[in-house]
Amino acid sequence: MSTIDASTPTAVAPAAEPVDNYLTYTRGFLSWALTLDHKRIGVMYMFSVLLSFLVGGIFALLVRTELLTPGPTIPGVDANLYNQFFTLHGAIMVFLVIIPSIPAALGNFVLPVMLGAKDVAFPRLNLGSYYLWIIGAICAVASLLYGGFDTGWTFYTPYSTTTSTGGVIPVVIGVFILGFSSIFTGINFVVTIHKLRPPGMTWFRMPLFLWALYATALIQVLATPVLGITLLMLIVERVAQIGLFDPAMGGDPVLFQHFFWFYSHPAVYIMILPAMGIISEIISVHAHRHIFGYRFIAFSSVAIAIFSFLVWGHHMFTSGQSPLMNTLFSAITFSVAIPSAIKVFNWLATLYKGSISLNTPMLYGLGFIFLFTIGGLTGLHLGTLNTDIHLHDTYFVVAHFHYVMMGSALIAMIGGLHHWWPKMSGRMYNESHGAIGFWLVFIGFNVTFFTQFMLGSHGMPRRYYDYQPEFQSYHVISTIGSYIMALGFFWTAYYLIASLVSGRKAPSNPWGGRSLEWQCTSPPPHDNFKTTPSVGDCYDFSVVHWDEAEGGYVVDRDADPETRSAH
Amino acid sequence: MMHLLSKIAVTAPSLLAQTEAPAAESRELTGTFWLPEAASTSAEATDFAFMAITWLSYVFFVGIVIALVYFVLKYRQRGNQVVYQADAPLHNTPLEVGWTVLPLLLVVAIFFMGFKGFLDLSTPPRNAYEINVTAYQWGWSFKYPNGATSSHLVVPAAQPVKLVMRSSDVLHSLYIPDFRVKKDVVPGRYSYLWFQCDEPTGIVPEDEMATTATGHHLFCTEYCGTDHSNMNRKVFVLAEADFEQWEEEQARWLDKVSDEELYSFAGPRIYSKCANCHSIDGSANTGPSWGNPTSGSLAGLGEIWKRTVEGSTPVTGGTKGRPGTTLADYIGSGKLYETPEDYIRASIYNPGEILVGGFGPNMPHFRGQLGDRAIDAVIGMMKNLDQFDAAGKFVGTGG
Ligand SMILES: [Cu+2]
Ligand SMILES: [Cu+2]
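Residues numbered from 1 in each chain as written. Chains lettered and ligands numbered in written order. Predicted model: local features only at pLDDT ≥ 70, side-chain atom pairs only at ≥ 80, totals over all residues. Heavy atoms only, no water.

For chain B, the count of helices and strands is eight helices and ten strands. Across the 399 residues that make up chain B, the buried fraction comes to 51%. Taking as baseline every contact in chain B between residues at least 6 positions apart, the subset at least 24 positions apart corresponds to 60%. Approximately 18,300 Å² of chain B is accessible, and the part contributed by carbon and sulfur atoms is 58%. (Helix = DSSP H or I, 4+ residues; strand = E, 2+ residues; numbered from the N terminus. Buried < 20%, exposed > 50% of the residue type's maximum accessible area, 1.4 Å probe, protein only. Contact = heavy atoms within 4.5 Å. Areas by Shrake-Rupley, 256 points an atom, 1.4 Å probe, with all protein chains shown as cover.)

What follows deals with the interface of chain B and chain A. Put simply, an interface is often sized by how much accessible area is lost when its parts join up. The interface is formed by 83 residues belonging to chain B together with 93 residues belonging to chain A. A per-residue breakdown of the area chain B buries against chain A is headed by L29, W99 and Y223 of chain B, which together make up 9% of the total. One can count two salt bridges joining chain B with chain A. Note that D252 of chain A and R189 of chain B form a salt bridge whose closest N and O atoms lie 3.1 Å from each other. Across the chain B-chain A interface, the total number found is 30 residue pairs in polar contact (both at pLDDT 80 or more). Contributing elements (two or more residues each) for the side of chain B that touches chain A: α3 (43–74), α4 (93–121), β7 (181–185) and β9 (216–220) of chain B. Of the residues in the side of chain B that touches chain A, the class split is 46 nonpolar, 25 polar and twelve charged. (Buried area = accessible area lost by both parts, 1.4 Å probe. Salt bridge = Lys/Arg side-chain N within 4 Å of Asp/Glu carboxyl O. Polar contact = N/O pair within 3.5 Å; in protein donor to acceptor, adjacent residues only side chain to side chain. Nonpolar A, V, L, I, M, F, W, Y, C, P; charged D, E, K, R; others polar.)

On to the coordination of the copper ion (ligand 2), then. Any two of four tetrahedral donors ideally make an angle of 109.5 degrees at the metal, while pairs among six octahedral donors ideally make 90 or 180 degrees. Residue and element names in this part refer to chain B. Surrounding the copper ion (ligand 2) are the protein donor atoms C220 (SG), E222 (O), C224 (SG) and H228 (ND1), which sit 2.1 to 2.6 Å from the metal. Coordination geometry of the copper ion (ligand 2): the four donor atoms subtend angles of 87 to 132° at the metal centre, consistent with an arrangement described as tetrahedral. As a motif over one chain, the donors of the copper ion (ligand 2) read C-x1-E-x1-C-x3-H. Taken as a pair, C220 and E222 share a single burial class, namely buried. (Donors = N, O, S within 2.8 Å, 3.2 Å for Na, K, Ca; no water. Tetrahedral: all angles 85-135°; square planar, octahedral: opposite > 155°, others 65-115°.)

Residues and elements named next belong to chain A. A cluster of nonpolar side chains, F47, L51, L54, V55, I58 and F490, forms an exposed patch at the surface whose accessible area comes to about 580 Å². Sorting elements by how many residues they give to the nonpolar patch places helix α2 (residues 38–66) first, with five residues. With respect to the helices, strands and loops of the structure, L54 is situated in helix α2. (Patch = residues over 30% accessible without salt bridge, like charges linked within 9 Å, V, L, I, M, F, W, Y side chains within 5 Å.)

What follows covers helix α7 (residues 340–349) of chain B. One turn of the α-helix equals 3.6 residues, which is why residues spaced by three or four share an orientation. Among all positions in α7 of chain B, only P340, Y343, I344, A346, I348 and Y349 of chain B are buried. Where α7 of chain B is buried, its residues meet α8 (372–383) of chain B.

Our focus in this paragraph is the pattern of salt bridges. Residues and elements named next belong to chain B. Applying the stated criterion across every chain, the model contains eleven salt bridges over all chains. In this structure, the salt-bridge partner of D259 is R373, at a minimum N-O distance of 3.0 Å. Note that D259 is positioned in the loop between α5 (240–256) and α6 (262–271) and R373 in helix α8, a separation of 114 residues in sequence. With a relative accessible area of 24%, R373 lands in the partly exposed category. The partner of E341 in a salt bridge is K383, with the nearest N and O atoms 2.8 Å apart. Of the two residues, E341 is situated in helix α7 and K383 in helix α8; the sequence distance between them amounts to 42 residues. According to the relative accessible area criterion, K383 is partly exposed, its value standing at 38%.

Let us now look at unusual backbone geometry. Most peptide bonds take the trans configuration, and most residues that are not glycine carry a negative phi. All names here are of chain A. A cis amide bond, omega -10°, links S522 with the succeeding residue P523. Of note, P523 is situated in the loop between α15 (472–502) and β1 (544–547). Phi at Q241 is positive, roughly 55°, even though this residue is not glycine. Following the sequence through the fold, Q241 ends up in the loop between α7 (208–240) and α8 (253–286). Take Q241: its relative accessible area is 48%, and that puts it in the partly exposed class. Even without glycine at this site, R463 takes up a positive phi of about 60°. Mapped onto the elements, R463 comes out in the loop between α14 (431–457) and α15.

As a further point, take the sheet that holds β9 of chain B. All names here are of chain B. Spatially, the five strands line up as an open sheet ordered β4-β10-β9-β6-β7, and their pairing is mixed. For this open sheet the edge positions go to β4 (153–156) and β7, each flanked by a neighbour on one side alone. Neighbour-to-neighbour, the strand axes of this sheet turn through a mean angle of 25°, independent of strand direction. Summarising the sheet, strand β6 (residues 172–176) and β7 pair through five bridges and their orientation is antiparallel. Paired with S173 across the strands is D184, a residue of β7. (Pairing = 2+ DSSP bridges. Axes fitted to C-alpha atoms, helices over the stretch in contact; angles between N-to-C directions.)

Residues and elements named next belong to chain A. Examined against the element boundaries, N528 turns out to sit in the loop between α15 and β1. For N528, a relative accessible area of 2% gives the class buried. Within the structure, N528 has its side chain in polar contact with the side chain of K39 (distance 2.6 Å). Ignoring sequence-local partners within four residues, the contact set of N528 consists of H38, K39, P112, V113, A117, K118, D119 and C520.

Let's shift gears to the domain arrangement of chain B. Residue and element names in this part refer to chain B. Assigned domains of chain B: these are domain 1 (129–255) and domain 2 (257–387). Contacts between the two partners involve 15 residues from domain 1 and, on the opposite side, 15 residues from domain 2. Summing both sides of the interface, domain 1 and domain 2 together bury roughly 1,400 Å²; the carbon and sulfur share of this comes to 48%. Taken together, domain 1 and domain 2 are joined by one salt bridge. E206 is the salt-bridge partner of R269, the closest N and O atoms lying 2.7 Å from each other. For the pair domain 1 and domain 2, the interface holds four residue pairs in polar contact (both at pLDDT 80 or more). Elements supplying a minimum of two residues to the side of domain 1 that touches domain 2: β2 (139–143) and α5. With five residues, the single largest contributor to the side of domain 1 that touches domain 2 is α5. (Domains from an automatic or database assignment.)

Our next topic: the pairing of strand β2 (residues 552–555) of chain A. Residue and element names in this part refer to chain A. Of the strand pairs in this sheet, β1 and β2 are connected by four bridges, and their pairing is antiparallel. What sits directly across from W546, in β2, is Y553. Between the end of β1 and the start of β2, which pair antiparallel, lie four residues, with G551 showing a positive phi angle near 70°.

This paragraph deals with the packing of aromatic side chains. Residue and element names in this part refer to chain A. The full count for this structure, using the stated rule, is 77 aromatic pairs over all chains. When the centroid spacing of 6.3 Å and the interplanar angle of 65° are considered together, the rings of W491 and Y495 count as edge-to-face. Note that W491 and Y495 are positioned in helix α15 at a spacing of four residues, about one turn of the helix. Residue class for W491 comes out partly exposed when judged on its relative accessible area of 25%. (Phe/Tyr/Trp six-rings, centres within 6.5 Å; stacked < 30°, edge-to-face > 60°.)

Residues and elements named next belong to chain A. The protein atoms donating to the copper ion (ligand 1) are H265 (ND1), H314 (NE2) and H315 (NE2), with metal-donor distances spanning 1.6 to 2.1 Å. For the copper ion (ligand 1), all donor residues lie on one chain, and their spacing in sequence is H-x48-H-H. One end of the pair, H265, is in helix α8; the other, H315, is in the loop between α9 (294–307) and α10 (323–351), and 50 residues separate them in sequence. In terms of burial, H265 and H315 fall into one category: buried.

So, about the packing of α9 of chain A against α10 of chain A. Residue and element names in this part refer to chain A. The interhelical angle for the contact between α9 and α10, taken along N-to-C directions, is 155°, at an axis separation of 9 Å. For the element pair α9 / α10, the angle class is roughly antiparallel. Every pair of crossing elements has a handedness; the one defined by α9 and α10 is left-handed. Here F296, I297, S300, S301, A303, I304 and F307 of α9 come into contact with α10, specifically with I332, S335, V336, P339, S340, I342, K343, N346 and W347. Class assignment for the residues of the contact of α9 with α10 results in ten nonpolar, five polar and one charged. (Parallel < 35°, antiparallel > 145°, perpendicular 65-115°, else oblique. Left-handed = near helix turned anticlockwise from the far one by under 90°.)

In structure tokens:
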């Protein structure tokens, strides 16, 4: 039996599992290692990213444990080792986990299916980016064999060009290569969205996740090369002793910061924009309610992408940059707050008069709104000039960016993983297990990071091995929170893996979604759709019904004025 | 005031040599839930902005969470069947324009609040009292107009103070939380920071400064390597007359020490600047231990010849151009250093010239900070290391 023709309603539940799904289509190691199937590449990315998340997380736990007491805590961990821990934690989480997590892992899997396409525009380039990621990751691991690196993930010069740890060059090469992986993914997505949209899917009928991926891809393509050249310059300075950033050789260390943040601020949006896209999907699908203010959300993605290039200097208010520049950067920074606020209000309005299922993905979606609101509002303290002077490089900043990068970007990615898990794996996980996992992570997260706001506003600087005794109680609470969070993540790993073994088989449409990925079977067949599916309004839930026999939702396409005419 | 003066008086040699190094006093966070006690004239504006934004955040946050919880409870779908409401609005232009414009107005207001405060922070008054600051891995050296130096910051009260800062190695950043001021210290550039603190804090004897609860914290907030978190120092604020007295005494104390007490009293006091990196009991640290039994102790400068030297250092010295492997190749008549004392002195003024084997170029130079008498005191201490305990305290020949 072949797949269900996507253009006919899935009125009849398939009794037997279709033989042809992307997981069983071909077998053997090489069929994965050399696959051009975007879904398999997405799954491989997902696996690699989650593995890196485990490693980065272990370093985070080491950091938190070391901070239980001022001075040495873990036997054998001295300041130098601690400095390597937080550096590795940051570098792994940023470059190996968060940046690729949503676009490369989830995006790769979902984007072509949402478009009703068979694959991305350049499948070979896609596999190429994955292998570049692997090579970049290997370089990062190799740096450990060369003595590790203790520069902080920001690689600020002249410390990074003079430190005696030997792993700086390998890891910088690694990040350089990871940059290319990111650029290639970006190019692929831009072209795919331009060229492979099905008939009927105009720009303003695209699911918002695609808008978000599109805006993200533009940043990836435009900003990442700057990081590449900056890192090359760093290597040249370190190896050839040509003075670019080191004043001892006639260079300028502040120039490095400009270059670095010219990439790394937009990179924050490489992390958060696709996360916002996922949340738009999760909120509207699980509230079974047309997304509110579609155009405002779509435009705000693009607006954020553009503004993101103009605000890098807000990381440098204390660097000695001229007061005029500081003023301009502060002013533009506030302009990014507006599109972000718009999105939050739109998501809230989407809940109004919805039909809300509190599934695990929805819990993560609502959790995101909660955490992102805190992350965004505390951004105001940091964008304001005089308060940033006080808060810069303290734990307040650490707390703020964890609320945004972890509490928002990573939570959205975990939410997305749950949302599309039935599609990717063909299995349902246990819902109540999912809820337990969410609450552990959510509570643990807030305990860990909210305390850090108070630490920072009271003056505790970041990247400190040793600290003043009066900060200890907050540090202890924070560390306990990190253990709760770790428990939540291990629990989540447990029930997701368990679902592969004993989970109920997933229906095509377990949540009642309307975008195209819910029209093919779970897991999707090798080439997604036999014929190009016809496109309705992907946020019109009036025609979505629960079907007991199917154990999932069906879309009554004959009741839908749009698809009926398309027949 | 009397109390303060008596604290200063403690710095008299005989007294200081006898005071026990105190255990760290236990300390609590000061100030409110959000902010430490404000102690500078500009802090008020910063705190006002901070609290205004915080209150605004409370309002938005609580509003958003209430709406979220209310909608979820009200429109919760029981069971699987979708309860579709056809009249749910798809968009609402006045509402959407409203929630775009309102935040816009609010952030413009916040921006101006921050901007005003920042202009004040970045314009030091003309009559400010200037102190030169050098940041190094890993410490601070504060140098006063009359030549006094100090590793903790002591400033006059009720007078604007301007720090003129430079770094002798990598980036650092000087941060005084209670003053709400911070500025990066960038190698190859001067940067300024100013503040005015009206409340005197008092001061404690030098060996208690690191651990006392008196004074304000001063931190390094730009990551700078191994001991980044140990660059914390104290800020002591003294009323004008006390400050002048302190500055005078700080500039002259070494001259007042008698020759007999030079190494026993002045030695440890100078050694406190070196103790971060050099132990005297042989234990390893960032720099070579002065009492290193395996590679040659500096005690008495007798075994100093055994010290190995990094082969790759760009020194033409050695015995007439031949690169050396141990110090014996460098010290002696006709060699780079005539005597061991010359070598010690050069190591302090010009640490990169010759590197002790196994150590990196991490020692800051002390040119302009340690004069001849100070060097004499250090060398005297090295020659009599057996009269000091592991913490560098003079215990005499009997101990
Ligand atoms: Cu930024
Ligand atoms: Cu530092």
